Amino acid sequence: MKKINRSNQLKRRKFLQMGSTFAASAILFPLSGSKVYGAFKSLPGANSIPYVTLNNGIAMPMIGFGTHSLKDEICVRSVSEAISVGFRLIDTATIYGNEEFVGEGIKKSKIDRKELFLTSKLWVDDSGYDTTKKAFETSLKKLGTDYLDLYLIHRPRGDVKGTWKAMEDLYKEGKIRAIGLSNFEADQLSELLTYARIKPTVNQIETHVFFQQQEALENLKKHELQMEAWSPFAAGRNGIFSNEILAGIGQQYDKSIAQVCLRWHYQRGIVAIPRSSQKAHMKENLDIFDFELSPKDMQTIAKLDLNITQFPEWE
Ligand SMILES: NC(=O)c1ccc[n+]([C@@H]2O[C@H](COP(=O)([O-])OP(=O)(O)OC[C@H]3O[C@@H](n4cnc5c(N)ncnc54)[C@H](OP(=O)(O)O)[C@@H]3O)[C@@H](O)[C@H]2O)c1
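Residues numbered from 1 in each chain as written. Predicted model: local features only at pLDDT ≥ 70, side-chain atom pairs only at ≥ 80, totals over all residues.

Time to look at the overall build of the protein chain. On a plain count of helices and strands, the protein chain comes out with eleven helices and twelve strands. Counting only residues that meet the buried cut, the protein chain has 46% of its 315 residues in that class. (Helix = DSSP H or I, 4+ residues; strand = E, 2+ residues; numbered from the N terminus. Buried ≥ 20, exposed ≤ 12 C-beta atoms within 10 Å, placed from the backbone.)

What follows is the structure in structure tokens.
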């Protein structure tokens, strides 16, 4: 059996933790209570991206770039352009079938790997201890990197306990800077917490103006997990980009519906990962840190909640 060198592992963990300290600038500004927010440095333009400090001490940008359904050359170009306009968090998953293209896009951008916050997810078919470890190595290889910033269990299916143990071990080996969950309901999170030796940092769930997930937000805060919104624009469903209420709110600040939505996520303390294949949209989606929705706007948006998934086909 191969002997594990503890001292090297610890040195590597320390290095990976320090990476985030160096990536974050010293400009700090509080947003909502106890969490410390700051800004990722080395970004073009005046709008730096604020970050949240996760429960294991690492910094995560408050906005990232989603890559679901981006494939081939469009994916390579989009990821590279997203980085060029300032995105630092890139979200992919094994099931998207695009990790190679995301990796190529990162390479094309020529960004220093330490500046990025790269997320991938373990698909249900690979659940279990050994299969998770193998799937993780495959993801690394496809992405062309030797560590992930965040690795998530994509859905709470199969051998979740075995998967979590493998992720904890990969974390301890210094191959992942933070481990977390996606699509976990409150009871599924509670169950995982009964055996987890390392607490999850994040739960990535469907969240947008039509499915606001207020209860989940409160529950995640209680457990000190960061909420991350997938499909922050409901992938365009339910007429979101022609919603007159959101347009009216945006007009007050000279901002688009997309910007109102993303600012709303940010003011709730939620990390959002909008996808776009258009550079102009990518720029627009980052330009949300120079205005603030009023309490009245927030209350108006709260009334848009239908409290139901807009993706029933994925249930
Ligand atoms: N964990 C999970 O189970 C899960 C599930 C779903 C998604 N996700 C993650 O969440 C990410 C985001 O969700 P999503 O991809 O479903 O959709 P989304 O980000 O909610 O919406 C994407 C759509 O919005 C449009 N768009 C983007 N910026 C815009 C702007 N400024 N103005 C007008 N339209 C704009 C895009 O079109 P253009 O390309 O034309 O800009 C695209 O059609 C995914 O890519 C993925 O990384 C995770």
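From this point, the discussion proceeds with the structure in view.
Read from one edge to the other, the open sheet built from eight strands follows the order 5-6-7-8-9-10-11-12, with strand pairing classed as parallel. Strands at the two margins of the open sheet, each flanked by one partner only, are strand 5 (64-66) and strand 12 (271-272). (Pairing = 2+ DSSP bridges.)

Okay, the packing of helix 2 (residues 72-85) against helix 3 (residues 99-109) next. Contact pair helix 2 / helix 3: the axes reach a minimum separation of 7 Å and the direction vectors enclose 40 degrees. The angle between helix 2 and helix 3 falls in the class oblique. Two packed elements cross with a definite hand, and for helix 2 against helix 3 that hand is right-handed. Each of Asp72, Cys75, Val76, Ser78, Val79, Ser80, Ile83 and Ser84 in helix 2 lies in contact with helix 3, whose residues at this interface are Phe101, Val102, Glu104, Gly105, Ile106, Lys108 and Ser109. In the contact of helix 2 with helix 3, the residues fall into seven nonpolar, five polar and three charged. (Axes fitted to C-alpha atoms, helices over the stretch in contact; angles between N-to-C directions. Parallel < 35°, antiparallel > 145°, perpendicular 65-115°, else oblique. Left-handed = near helix turned anticlockwise from the far one by under 90°. Contact = placed C-beta atoms within 7 Å. Nonpolar A, V, L, I, M, F, W, Y, C, P; charged D, E, K, R; others polar.)

Attention now goes to the site of the ligand. Taken together, 27 residues lie near the ligand, and Gly66, His68, Trp230, Ala258 and Ser276 sit nearest. Per-element tally for the shell around the ligand: the top contributor is helix 10 (residues 279-286), with three residues. (Near = placed C-beta within 6 Å.)

This part is about the pairing of strand 9 (residues 176-182). Of all seven residues in strand 9, seven are buried; the element is thus mostly enclosed. Regarding the hand of the β-α-β motif, the stretch spanning strand 8 (residues 148-153), helix 5 (residues 160-172) and strand 9 is right-handed. In this sheet, strand 10 (residues 202-206) lies alongside strand 9 in parallel orientation, the contact comprising two bridges. If you follow Leu181 over to strand 10, its bridge partner there is Asn203. For the crossover that starts at strand 9, traverses helix 6 (residues 186-195) and ends in the parallel strand 10, the hand is right-handed. (Right-handed = clockwise from strand over helix to strand, strands pointing away.)

This part covers the nonpolar core. Grouped together as the largest cluster of nonpolar side chains are 79 residues, with contacts concentrated most on Met60, Tyr151, Ile176, Cys261 and Val271. Considering each element in turn, this core owes the most residues, seven residues, to helix 9 (residues 257-267). Discounting residues that sit within four places of it in the chain, Ile176 has contacts with Tyr147, Leu148, Tyr151, Met167, Leu170 and Tyr171. (Core = buried A, V, L, I, M, F, W, Y, C linked by C-beta atoms within 7 Å.)

A word on unusual backbone geometry. In this structure, Ala234 takes a positive phi of about 55 degrees despite not being glycine. The residue Ala234 is located in the loop between strand 11 (226-230) and helix 8 (244-253) in this model. We classify Ala234 as buried; it has 21 C-beta atoms within 10 Å. Positive phi is not limited to glycine here, since Asn238 has a value of about 60 degrees. Here Asn238 is to be found in the loop between strand 11 and helix 8.

On to the confidence of the model for the protein chain, then. Here the protein chain shows a mean pLDDT of 89. Residues at 70 or above account for 85%. The low-confidence segment residues 1-38 (pLDDT under 50) makes 45 contacts with residues lying over four places distant or belonging to another chain. Taken together, the stretch residues 40-47 has pLDDT below 50 and engages in 20 contacts with residues farther than four places along the chain or on a different chain. (pLDDT = per-residue confidence, 0-100.)

This next bit is on the packing of helix 9 against helix 10. Running from amino to carboxyl end, helix 9 crosses helix 10 at an angle of 40 degrees, the nearest separation of the two axes being 8 Å. The orientation of helix 9 relative to helix 10 falls into the category oblique. You can see that helix 9 and helix 10 cross each other, and the crossing is right-handed. Residues Ala258, Gln259 and Leu262 of helix 9 form the contact with helix 10, whose participating residues are His281, Glu284 and Asn285. Looking at the contact of helix 9 with helix 10, its residues break down into two nonpolar, three polar and one charged.

What follows deals with the pairing of strand 10. Within strand 10, five of the five residues are buried, which leaves it mostly tucked inside the rest of the structure. Pairing of strand 10 with strand 11 involves five bridges; the strand directions are parallel. Bridge assignment links Ile205 to a residue of strand 11, and that residue is Ala229. For the crossover that starts at strand 10, traverses helix 7 (residues 214-222) and ends in the parallel strand 11, the hand is right-handed.

A separate point is the environment of Glu284. With respect to the helices and strands, the residue Glu284 is situated in helix 10. Sequence separation between Glu284 and Gln259 is 25 residues, and the spatial gap between their C-alpha atoms is 6.9 Å. Apart from the residues lying within four places of it in its own chain, the contact partners of Glu284 are Ser256, Ala258 and Gln259.

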